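Structure at a glance
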Amino acid sequence: MKFSYSDIGKGKTIIFVHSYLWDKEMWQPQLDFFKDNFRCIAIDLPGHGDSLFNNISSLSELAKEIKNFIDGLNIDNYIYVGLSVGGMLAPYLYNIDKDKISKLVIMDSFSGDEPIEIKQLYFSMLDTIEKEGKISEELANKIAPIFFSPQIDKNSQLYLNFFKKFFHYIINLIFSIYFHRLFFKNFFNFLFTICSFSLHIFQKIFFYIQFFFYLFHLFYNFNIFYSIFMKNFLNIF
């Protein structure tokens, strides 16, 4: 798969992988700081930033795709930095690319399944956004601590851009789910209609084939009857 990514600076490579609902832009302050001494690469995970959605369903599969991406850039050694989901990917990536990874930096993350309480918190937030059609200030105050330090300037471009992208991402996600449900529902309805129509056509064709063989059989028997009749008729005379 193709990842959208930023690639700036020269020197030893650092790979930055963002958290859920963020994108590569979250690393811009770090890229600006390290670019004079390091080659800094920040990627957009699937469905985030400018990377397209795909059918990857596990962290191990995603780690393999990231490894392929790194191999494609001919990187022989790198430092891996991951936040949240980016950190959760680290053990899987290390298992398949340990010879190239010199250091791992895992932030606000862990190895294992997401606790069910956290999942419920995330889903409740998504449901609220879908219902209200916006991110209220109250909800923003709940979301911000997940991604930002308490000292973050809420008027900063980084903070404001996050919520702008966050809202667009959620709306696109909701629309995508709705569209796929609607598409598959209509698709199967359409498929059922086509199959029903095709069955009707085949029934008609089968009827005409039967009718043709009936006429053929009738004509064949008539010829036999006619031949016998004429033969007997001629014998009489």
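Refer to the structure presented above.
Residues numbered from 1 in each chain as written. Predicted model: local features only at pLDDT ≥ 70, side-chain atom pairs only at ≥ 80, totals over all residues. Heavy atoms only, no water.

Our next topic: the pairing of strand E3 (residues 38-43). Looking along a regular strand, one sees the side chains alternate between the two faces of the sheet. Two strands pair when backbone bridges link them, and strand E1 (residues 5-8) and E3 are joined in this way by four bridges, in the antiparallel orientation. Paired with isoleucine 8 across the bridge in E3 is cysteine 40. As judged from the six bridges shared by strand E2 (residues 12-17) and E3, these two strands associate in the parallel manner. The residue of E3 that forms the bridge with lysine 12 is phenylalanine 38. In the classification by handedness, the crossover that spans E2, the intervening helix H1 (residues 28-34) and the parallel E3 is right-handed. (Pairing = 2+ DSSP bridges. Helix = DSSP H or I, 4+ residues; strand = E, 2+ residues; numbered from the N terminus. Right-handed = clockwise from strand over helix to strand, strands pointing away.)

A separate point is unusual backbone geometry. Unusually for a residue other than glycine, asparagine 74 sits at a positive phi of about 55°. Residue asparagine 74 is classed as exposed on the basis of its relative accessible area, which comes to 65%. At serine 84, a residue that is not glycine, the phi angle is positive and equals roughly 55°. Examined against the element boundaries, serine 84 turns out to sit in the loop between strand E4 (78-83) and helix H3 (85-97). (Buried < 20%, exposed > 50% of the residue type's maximum accessible area, 1.4 Å probe, protein only.)

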